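Read off the chains here:
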Amino acid sequence: METLWQVCSLVVQAKNQQVPEISNTLNGLPGCEVAVFDVASGNLVVVVEATESQMLLDTIESVRNTEGVLAVSLVYHQQDEQGEEAP
């Protein structure tokens, strides 16, 4: 049985004073993890994983719609099929 695995990384620009709160919100989204953030610059690096492209797009849209987020840039995207190998 094969499954699809997708991962992307985002650079999120946000209002400086809201960065810690935004980080907590994004970490609560399914498949979403804030790898690092900098309050002074208002930047966050976010990794998103999903098994379907629509799930990935929905999560990116949720990031974009988070209060205090100013911009979201897709930096990297990879899609792989994973499954059992036949003997």
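Procedures and definitions
- Residues numbered from 1 in each chain as written.
- Predicted model: local features only at pLDDT ≥ 70, side-chain atom pairs only at ≥ 80, totals over all residues.
- Heavy atoms only, no water.
- UniProt positions renumbered as here; feature names shortened; annotations may be inferred.
- Helix = DSSP H or I, 4+ residues; strand = E, 2+ residues; numbered from the N terminus.
- Expected span 1.5 Å × (residues − 1).
- Buried < 20%, exposed > 50% of the residue type's maximum accessible area, 1.4 Å probe, protein only.
- Arc of directions from axis to C-beta.
- Salt bridge = Lys/Arg side-chain N within 4 Å of Asp/Glu carboxyl O.
- Contact = heavy atoms within 4.5 Å.

Labelled according to an unreviewed UniProt entry, the chain appears under the name Chaperone NapD, originating from Trabulsiella guamensis ATCC 49490. The record held by UniProt for the chain lists under Sequence similarities (unreviewed entry) the comment "Belongs to the NapD family."

Turning our attention to helix α2 (residues 53–64). Taking 1.5 Å of rise per residue, the twelve residues of α2 would be expected to cover 16 Å, and the 17 Å separating its terminal C-alpha atoms lies within 8% of that figure. Looking at α2, one finds that the buried residues are L56, T59, I60 and V63. Buried residues of α2, viewed axially, fall in a sector of 100°; they line one side.

Our next topic: the pattern of salt bridges. A side chain of one charge can pair with a side chain of the opposite charge when the charged atoms of the two come close. Under the definition given, this model contains one salt bridge. Put simply, R64 and E61 hold a salt bridge, and the shortest N to O gap is 3.0 Å. Residue R64 and its partner E61 are both found in helix α2; the two are separated by three residues, about one turn of the helix. In this structure E61 comes out as partly exposed when scored by relative accessible area, which is 35%.

Before going further, it helps to spend a moment on the environment of V75. Its place among the elements puts V75 in strand β4 (residues 69–83). Using a relative accessible area of 54% as the deciding quantity, one classes V75 as exposed. Along the primary structure V75 and V11 are separated by 64 residues, whereas in three dimensions their C-alpha atoms are 6.9 Å apart. What V75 contacts, discounting residues up to four positions off in sequence, is S9, L10 and V11.

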